[in-house]
Amino acid sequence: LSVIVPNYNHGKYLGACLSSILAQSFQPLEIIVLDDASTDNSVEVVKEFAQRNPLVRLVQNEKNLGVMPNLNKGVQLARGDYIYVCSADDEVFPGLFEKSLGILIQHPDAGLSCGASKWHDVASGLTWHMASNMADRPCYLSPGQLVDLGRSGKLLLVSSSVIWRRKPLCEVGSFHPELRWHADWYAVHVPAFRHGVCYIP
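What counts and what doesn't
Residues numbered from 1 in each chain as written. Predicted model: local features only at pLDDT ≥ 70, side-chain atom pairs only at ≥ 80, totals over all residues. Heavy atoms only, no water. Pairing = 2+ DSSP bridges. Helix = DSSP H or I, 4+ residues; strand = E, 2+ residues; numbered from the N terminus. Axes fitted to C-alpha atoms, helices over the stretch in contact; angles between N-to-C directions. Contact = heavy atoms within 4.5 Å. Buried < 20%, exposed > 50% of the residue type's maximum accessible area, 1.4 Å probe, protein only. Arc of directions from axis to C-beta.

A. Molecular detail of the sheet that holds strand β1 (residues 2-7). One open sheet accounts for eight strands, arranged β3-β2-β1-β4-β9-β5-β10-β8; its pairing is mixed. Every interior strand has two partners, whereas the edge strands, β3 (56-60) and β8 (139-141), have only one. Between one strand and the next, the sheet's axes are offset by a mean angle of 25 degrees, whatever the strand orientation. As paired elements, strand β5 (residues 112-115) and strand β9 (residues 163-165) share two bridges and run antiparallel to each other. Across the sheet, residue Leu112 finds its bridge partner in β9, namely Trp164. Against the sheet, helix α1 (residues 11-22) contacts β1, β2 (30-35) and β3, and its axis sits at roughly 175 degrees relative to β1. Contacts from helix α3 (residues 67-77) reach β1, β2, β3 and β4 (82-85), with the element oriented near 150 degrees to β2.

In structure tokens:
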């Protein structure tokens, strides 16, 4: 598992983000933090983590590439057979890596795994859950089952909980910059409808 953390001026969140990744019961092969020419203290935060843990690797861009080109750079640099993208202001709940990789190994045809996510809006204080209704137990959902969930209004694949198999992600061209904020949606849904997904409530 390669973890990719794209960052631009999110130094105040990076500590919690990286701590949550390093606290996982299953440790990844690497944590690649791609700093997109930040002007805050992001680089110093990452360097402190890298000094304490050799899994953390800082890659600094000389100029700002933008989110999707930065993500694609991370996919190209990643050495793992599985890829997890963690936004610099995300925190990963305990057990995500272990549960996701465990079910992906049980279902080798699945293009990715995903789960429910808890979203929190800092400005309003509102918290809500996303993608919590697709199944009541960990399972594999075939492309046909995904279509049925879509027709019933229950299909929601949230990229913040997705662990991709590298090959299906690369087959769709990873993250297409021209799709802008829909690029991650495309990178999740095309492999899902081609190969099915593993879901963890």
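B. Broad picture of helix α2 (residues 42-52). Within α2 the residues assigned to the buried category are Ser42, Val43, Val45, Val46 and Phe49. Looking down the long axis of α2, one finds its buried residues gathered within 160 degrees of arc, a one-sided arrangement. In this structure, α2 carries Gln51 and Arg52 as exposed residues pointing more than 90 degrees from its buried face. Here the buried face of α2 lies against β1, α1, β2 and β3.

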